[in-house]
2 protein chains.
Amino acid sequence: MAGKETPDLENVTIDDKFWSPRVRRTDTATVEAVYQRLVESGRFENLRRAAEGTPGDQQVALENRMYRDESDVYKWLEAASYALSRRSDPDLEARVDYVISLLEGAQCDDGYLNSYFSLHAPEDRWTNLTYMHELYSAGHLFEAAVAHHEVTGGSRLLDVATAFADHVVDVFAEGGGAPGHQGVELALVRLYRCTGQRRYLDLARSFLDERGREDSWFAREMGDPDARLCTDAIYEEYHDLLFDGDGTYDGKHIQDHLPVREQSKAVGHAVRATYMYAAMADVAMETGDDALAAAVERIWTNAVNRRMYVTGGLGNSHENEGFTSDYDLPNDTAYAETCAAAGSIAWNRRMAQLTGEGKYGDVMERTLYNALLAGVSLDGTRFFYANPLKSDGESHPLEHVSEVRFPLQRREWYDTPCCPPNAARLLSSLGEYLYLVDGDELSVELYAGSSVRTSVGGSPVRVDQTTEYPLDGTVEISVRTDSPVEMTLRPRIPGWCSDPSIAVDGEAVAPDVERGHVELRRTWTDGDTVTLDFPMPVRQVQAHPEVTAAAGRVALQRGPVVYCLEGVDNDAPLETVCLREDAAFSAEYDPDLLDGTVVVRGEATLTATGDDAALYRSRTSSANATVTVTAVPYYAWANRDESEMRVWMRACDCTH
Amino acid sequence: MAGKETPDLENVTIDDKFWSPRVRRTDTATVEAVYQRLVESGRFENLRRAAEGTPGDQQVALENRMYRDESDVYKWLEAASYALSRRSDPDLEARVDYVISLLEGAQCDDGYLNSYFSLHAPEDRWTNLTYMHELYSAGHLFEAAVAHHEVTGGSRLLDVATAFADHVVDVFAEGGGAPGHQGVELALVRLYRCTGQRRYLDLARSFLDERGREDSWFAREMGDPDARLCTDAIYEEYHDLLFDGDGTYDGKHIQDHLPVREQSKAVGHAVRATYMYAAMADVAMETGDDALAAAVERIWTNAVNRRMYVTGGLGNSHENEGFTSDYDLPNDTAYAETCAAAGSIAWNRRMAQLTGEGKYGDVMERTLYNALLAGVSLDGTRFFYANPLKSDGESHPLEHVSEVRFPLQRREWYDTPCCPPNAARLLSSLGEYLYLVDGDELSVELYAGSSVRTSVGGSPVRVDQTTEYPLDGTVEISVRTDSPVEMTLRPRIPGWCSDPSIAVDGEAVAPDVERGHVELRRTWTDGDTVTLDFPMPVRQVQAHPEVTAAAGRVALQRGPVVYCLEGVDNDAPLETVCLREDAAFSAEYDPDLLDGTVVVRGEATLTATGDDAALYRSRTSSANATVTVTAVPYYAWANRDESEMRVWMRACDCTH
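Now for a quick tour of the structure. Remember, it's a predicted structure, so these values are computed and weren't measured experimentally.

**Details of the overall build of chain A**
Thought 1: A count of helical and extended segments in chain A gives 16 helices and 22 strands.
Thought 2: Since a compact globule built from 656 residues should have a radius of gyration of about 26 Å, the 25 Å found for chain A is in line with a globular shape.
Thought 3: Dimensions of chain A, computed from C-alpha atoms along their principal axes, come out at roughly 75 × 75 × 50 Å.
Thought 4: Going through the 656 residues of chain A one by one, you find that 63% of them count as buried.
Thought 5: As displayed, chain A has an accessible area near 22200 Å², and 44% of this comes from carbon and sulfur atoms.
Thought 6: On chain A, the mean spot of the 61 positive side-chain charges and the mean spot of the 109 negative ones are 2 Å from each other.

Here's what the structure looks like:
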């Protein structure tokens, strides 16, 4: 591997005020909640029936579109495996083994595994790659298997995965299609790294290379009546997404519009996109493919400079669950799918691995602390699918859209429940996102109270990070080593921080930023300590003027955390609140609010116009009232009674 | 009739700078354009086939949902008849006669007339009242027939109408249903006034009384498989509109949720609603039904104080083409259907007739000069269905909704083309909306250069109104009479005007406003003249603070005309434009702009924040630029190149 490596999860321990409770809740409440939903939705029952080979009475269990149902089972297995890396839990272990047994039973002799097709349409395997998600599901199996193997050392799930992967290689190694929903590519790279089997990497690259052909696989399939495996409604939905009004194929929705090396914009379905971009970085890393690396950097620049919410959320439109055009970032209808946030974090970590640049860690933390974390309730059992930046607290402009993914409160489950187990596996593997190792360099990409054991330049070393980040901007990094070790410690300097201070063993070091990091090269002895201070004033942030939805507005941000106002904390209608440029804000940790959080308070001007019955009247010159407003982290919104919410507040910035 | 009467159209002549060209364009370009679309869409061909009684090859002509196709034919006949009141046009007369012949031929022996049912499902007549629109179409026939009779004196169309109306009386006089789409009620009252046949008025009242029963006709029909005369998709659409998620019937969409006398809010489909409310006023007027009058006044107060756009537009949501909740008035997705504006004008005139209050004329003129007029292009040949108050000039948030009714430019026609001929018949009968007569009172409800001949207190009198309103606020009203006449002249004092001045024969009169009018009672002799001056400064208007979509914003209004900014006149992105409270505005007539209009210019503050590539950054304190902005009447927007448009502009009104 040419890029920077992530230490194994078992070698990273998280122990701090902010993340420890969240990881614990994920390991327990979330893993439990998702398991129960998997039981209730018949996913295990279908695997059992597929194992028996007797389709029988499938109606109840087949209510949903089962062709991608195992993907949720696999994500749960992955999250449960990570949980087992931190604690012994015989009940959970037994559940994991039970689910693996179901998978072993349901797997066909040739390695194929998908209960929908086995029960429902065994003859139709691999005949519809555009929307039947067989490869997407397979990818999640491969990821779960690697996680399970790394954590437990056991090979049962890995054997299932490699048998299926070998079957996939047999079917697709000579071409013959690509996944309509990406995800299998990065999973194949992961399986390759775990097993050393080059054929998995080759297939990942081959899948990328299949996209954007003039004679598109997907266009051909959509025109082939034999490949229509779904209801007319689903077919029409995909047809609308993949063809222009005049019937011309436009593969943007599935990133099939251009060969990947020629792509330069973030387009189409955001989850498909981020998974594919992550795989592009992976394959570029493993193969030294510069054209692939250049393409994914171009795409990243477009995404981050023109198509990303201030929360890090990606994919603005519910119509295509994805990207539309530059600067089109509506607030109340922001889709910003939780899965796309997870995909973006995975993508950005790989970009950091590929390049060593700190800007990817900036996006990773922006996304983690805002778009991703908002997807899960504080108690870990309810989830948002879409993550809007504005709510009126009573209804949603898209609440009548057939598949409602904009509830006012997080829900236990969705018809397409991709997000809950995806958020779980991301949070339960957070340790893999903190550090990167490359030769004698150790980069700190995310700040979290933690400890990592690794080998740097051949020497074993432990690095302890002590911090309450993002509650507070002070970070202490101590090196623990039996003998002095020559290495470059590379703490990332967050892009949001304008005045960092750095000291090594108490002596100030100039904050010279190289590729987004300070590079501290020296011989480190046991107990050497780096102190980082990233002051966290409350900042008013504004968007590029072409972002219409944020024009004349500001958002509040403290450190990497984006804040919002909620009606439950503020009496005034939020649209009447106006923030002055010189407004002072306080930030204070409140242990009782929202499970303990830093609450922000400040002065605002009210532009309320009275409560007179007339709907329209001449503008009045009444003096405006000044009020104190209270802001809470966006990630914690909608954990109390339903009420209004705004990220972008009106800015008072006229100069008359 | 107990209410105030409208003089016959033939006794009102419009001759002024603002309206004459518009009425002329309606009489010619619009009547011609709609006729051509009726030909092209097969509407006449279907009538011909129905006349022949040989269904034959109907496929092409039956592409649309033909069950309400005749309604457009009838509206065209009504508009064409009005046009013939002003000018002799043998070609148009011949077309009118031709269409009447088609209708005579297509009418069944028992009076029934609807080519869809005759050709397609003769056995299914009257079996589905909820959405098959037979009664709605019949209503438009009755209106056209009265108009044609009044203008031409001929009875051919009236004979067709009364034969059908008598058939409808036979079918429904003893109960047995009500129209799923209202409109026939007010038409029956009109037919009653024309023919003196009380049974038509009785049926109108009976249709109103059928609504809101515990055992709803419509709920029963929707549950009856035999009544399903449409595709599953249309049935499902209506089912979603009429039943809650749990399957409970909720008749609000068709105003069937409560008996009409118990209703108090404007709910459901806005066109159905306004037509029904107009009929409630009509029936209250004719029968002295105080409970009905009180209900419609309650509903009006709710609509006007909580559910009306500043343009007068009604019905905010495309989902139900109607009302949602108080103060929910989004700008870019405003539905504000052109037909609902026409319905509202009809309703408000009847409220004025019923009560004599001036506030109804205020809403009538607000709606006429803004929501209604915006529905028609300046050349009279293209039409808006929905009338949003904001556009980004490039796309619309709802452009992917299956039936696109939010184009960026007016269209020649729509799949459901109710609006084009509806706007035509309203504008071509404008003369009926200017004056009301009641005993020895003559009320002037709308200002327009015009002349009316009528009888006041038994004496023939002519009143000449000379004005360029709304271009200018000066109005001169002269009484022309052979002998002195004792009467009360009641010019309405517009609600938007804070400082009217009034003089009679040059002598100032105190502007004592009674029920929205000044009541000038005296003995008038030939040449007596009332001079009214309604100063028209450019006003900044604000909305009730609960209107989220207008919070912190102001609209520009001059006289009754609401202005908007268009990108084509302004370089700055419109969301960066901020209007100061003390900004000065000029208003100047420009004969070359938009067929001649008063253009408004003023100073605004720009809050643009530079053109740096970063998507998000800390709020900067750069000084803001001052620019001159140009506003044009909202009614004239989208008549040039596609560009941004805003009615509600950002207000600078912080006081720091």
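**Regarding the sheet that holds strand β8 (residues 485-491) of chain B**
The pairing of strands in a sheet happens through backbone hydrogen bonds and is either parallel or antiparallel.
Residue and element names in this part refer to chain B.
Thought 1: The strand order across the open sheet built from four strands is β3-β4-β8-β11, with neighbouring strands paired in mixed fashion. Where the open sheet ends on each side, the last strands, each with one partner, are β3 (435-438) and β11 (520-524). Adjacent strand axes in the sheet meet at a mean angle of 25°, parallel and antiparallel pairs treated alike.
Thought 2: Both strand β4 (residues 441-444) and β8 contribute to a ladder of four bridges, which runs parallel. Note that in β8 the partner of Glu-441 across the bridge is Thr-488.

**Structural notes on the sheet that holds strand β12 (residues 529-533) of chain B**
All names here are of chain B.
Thought 1: Across the sheet, seven strands lie side by side as β1-β5-β6-β7-β12-β9-β10; this open sheet has antiparallel pairing. One side of each edge strand has no neighbouring strand; the edge strands of this open sheet are β1 (12-14) and β10 (507-509). Each neighbouring strand pair of the sheet contributes to a mean axis angle of 20°, computed without reference to strand direction.

**Some words on the pattern of salt bridges**
Where charged atoms from two side chains of opposite charge approach closely, those side chains can pair.
Residues and elements named next belong to chain B.
Thought 1: As enumerated under the stated definition, the model contains 107 salt bridges over all chains in all.
Thought 2: A salt bridge links Asp-595 to Arg-25; the shortest N-O distance between them is 3.6 Å. Pair noted here: Asp-595 is in the loop between β17 (585-590) and β18 (597-606) and Arg-25 is in helix α1 (residues 19-40), with a separation of 570 residues, a long-range link.
Thought 3: Arg-25 sits in the partly exposed class, given a relative accessible area of 22%.

**Focus: helix α6 (residues 134-152) of chain B**
All names here are of chain B.
Thought 1: Given a rise of 1.5 Å per residue, 19 residues ought to cover 27 Å, and the 27 Å separating the end C-alpha atoms of α6 matches this to within 8%.
Thought 2: Extensive coverage of α6 is indicated by the burial of 15 of its 19 residues.
Thought 3: Looking one or two residues past α6, Gly-153 carries a phi angle of roughly 75°, positive in sign.

**Considerations on the environment of B:Asp159**
All names here are of chain B.
Thought 1: The residue Asp-159 is located in helix α7 (residues 156-172) in this model.
Thought 2: Take Asp-159: its relative accessible area is 44%, and that puts it in the partly exposed class.
Thought 3: Separated by 10 residues in sequence, Asp-159 and His-149 have C-alpha atoms that sit 9.7 Å apart.

**Thoughts on the packing of aromatic side chains**
Thought 1: Applying the stated criterion to the full structure yields 58 aromatic pairs over all chains.
Thought 2: Of the aromatic side chains, those joined through ring pairs into one cluster are A:Phe18, A:Trp19, A:Tyr369, A:Tyr447, A:Tyr469, A:Trp496, A:Phe534 and A:Tyr635.
Thought 3: Above the ring of B:Trp217, the side-chain terminus of B:Arg220 is found at 4.7 Å from the ring centroid.

**Some points on the pairing of β12(B)**
Residues and elements named next belong to chain B.
Thought 1: Alignment of strand β7 (residues 474-480) against β12, held across five bridges, turns out to be antiparallel. Note that in β12 the partner of Val-475 across the bridge is Leu-532.
Thought 2: Where strand β9 (residues 501-504) and β12 come together, four bridges link them in antiparallel fashion. Within the sheet, the bridge partner assigned to Ala-503 lies in β12 and is Thr-531.

**Examining a negative patch on the surface**
Thought 1: A cluster of like negative charges, contributed by A:Glu319, A:Asp328, B:Asp392, B:Glu394 and B:Glu399, occupies part of the molecular surface.
Thought 2: Secondary-structure assignment places B:Glu399 in the loop between β2 (390-391) and α16 (419-428).

**Some thoughts on the pairing of β18(B)**
All names here are of chain B.
Thought 1: Within β18, eight of the 10 residues are buried, which leaves the element mostly enclosed by the surrounding structure.
Thought 2: Across two bridges, the pairing between strand β16 (residues 577-580) and β18 is antiparallel. Residue Cys-578 lies in a different strand from β18, and its bridge partner there is Thr-605.
Thought 3: For β17 and β18, the ladder comprises six bridges, and the chain directions are antiparallel. From the neighbouring strand, Ser-586 faces β18, where its bridge partner is Arg-601.
Thought 4: The loop that links β17 with its antiparallel partner β18 comprises six residues; one of these, Leu-594, has a positive phi angle of about 50°.

**Focus: the nonpolar core**
Residues and elements named next belong to chain A.
Thought 1: With 223 residues, the main nonpolar core has Trp-19, Trp-76, Phe-142, Met-280, Trp-347 and Val-647 as its most contacted residues.
Thought 2: With 12 residues, the single largest contributor to this core is helix α12 (residues 270-287).
Thought 3: When near neighbours in sequence (up to four residues on either side) are disregarded, Phe-142 contacts Ala-161, Phe-164, Ala-165, Val-184, Ala-187, Leu-188 and Leu-191.

**Remarks on the packing of helix α13 (residues 290-306) of chain A against helix α14 (residues 338-355) of chain A**
Two quantities define a packed helix pair, namely the angle between the helix axes and the distance between the axes.
Residues and elements named next belong to chain A.
Thought 1: Relative to each other, α13 and α14 sit at 130°, their axes nearing to 12 Å. The angle between α13 and α14 places the two elements in the oblique class. Handedness of the α13/α14 crossing: left-handed. Contacts between α13 and α14 involve Ala-293, Val-296, Glu-297, Ile-299, Trp-300 and Ala-303 from the former and Trp-347, Asn-348, Met-351, Leu-354 and Thr-355 from the latter.

**Some remarks on the packing of helix α13 (residues 290-306) of chain B against helix α15 (residues 359-372) of chain B**
All names here are of chain B.
Thought 1: Two elements in contact, α13 and α15, have axes separated by 12 Å at closest approach and are oriented at 45°. Taken together, the axis directions place α13 and α15 in an arrangement best described as oblique. Considering only the axes of α13 and α15, their crossing is left-handed. Contacts between α13 and α15 involve Glu-297, Trp-300 and Val-304 from the first element and Lys-359, Tyr-360 and Val-363 from the second.
Thought 2: Among the residues making up the contact of α13 with α15, the classes are represented as four nonpolar, no polar and two charged.

**Overview of the environment of B:Arg515**
Residue and element names in this part refer to chain B.
Thought 1: Within the element layout of this structure, Arg-515 appears in the loop between β10 and β11.
Thought 2: Judged by its relative accessible area of 34%, Arg-515 is partly exposed.
Thought 3: In this structure the C-alpha to C-alpha distance between Arg-515 and Leu-102, which are 413 residues apart in sequence, comes to 48 Å.
Thought 4: Filtering out sequence-adjacent residues up to four positions away, Arg-515 remains in contact with Thr-355, Gly-356, Glu-357, Gly-358, Glu-441 and Arg-490.
Thought 5: Only 3.1 Å separates the side chain of Arg-515 from the backbone oxygen of Thr-355, close enough to count as a polar contact.

About the thresholds
- Residues numbered from 1 in each chain as written.
- Chains lettered and ligands numbered in written order.
- Predicted model: local features only at pLDDT ≥ 70, side-chain atom pairs only at ≥ 80, totals over all residues.
- Heavy atoms only, no water.
- Helix = DSSP H or I, 4+ residues; strand = E, 2+ residues; numbered from the N terminus.
- Rg over C-alpha atoms; globule rule 2.2 N^0.38 Å.
- Buried < 20%, exposed > 50% of the residue type's maximum accessible area, 1.4 Å probe, protein only.
- Areas by Shrake-Rupley, 256 points an atom, 1.4 Å probe, with all protein chains shown as cover.
- Lys, Arg positive; Asp, Glu negative; His and termini not counted.
- Charge placed at Lys NZ, Arg CZ, Asp CG, Glu CD.
- Pairing = 2+ DSSP bridges.
- Axes fitted to C-alpha atoms, helices over the stretch in contact; angles between N-to-C directions.
- Salt bridge = Lys/Arg side-chain N within 4 Å of Asp/Glu carboxyl O.
- Expected span 1.5 Å × (residues − 1).
- Phe/Tyr/Trp six-rings, centres within 6.5 Å; stacked < 30°, edge-to-face > 60°.
- Lys NZ or Arg CZ within 6 Å of the ring centre and 35° of its normal.
- Patch = residues over 30% accessible without salt bridge, like charges linked within 9 Å, V, L, I, M, F, W, Y side chains within 5 Å.
- Core = buried A, V, L, I, M, F, W, Y, C linked by side-chain atoms within 4.5 Å.
- Contact = heavy atoms within 4.5 Å.
- Parallel < 35°, antiparallel > 145°, perpendicular 65-115°, else oblique.
- Left-handed = near helix turned anticlockwise from the far one by under 90°.
- Nonpolar A, V, L, I, M, F, W, Y, C, P; charged D, E, K, R; others polar.
- Polar contact = N/O pair within 3.5 Å; in protein donor to acceptor, adjacent residues only side chain to side chain.

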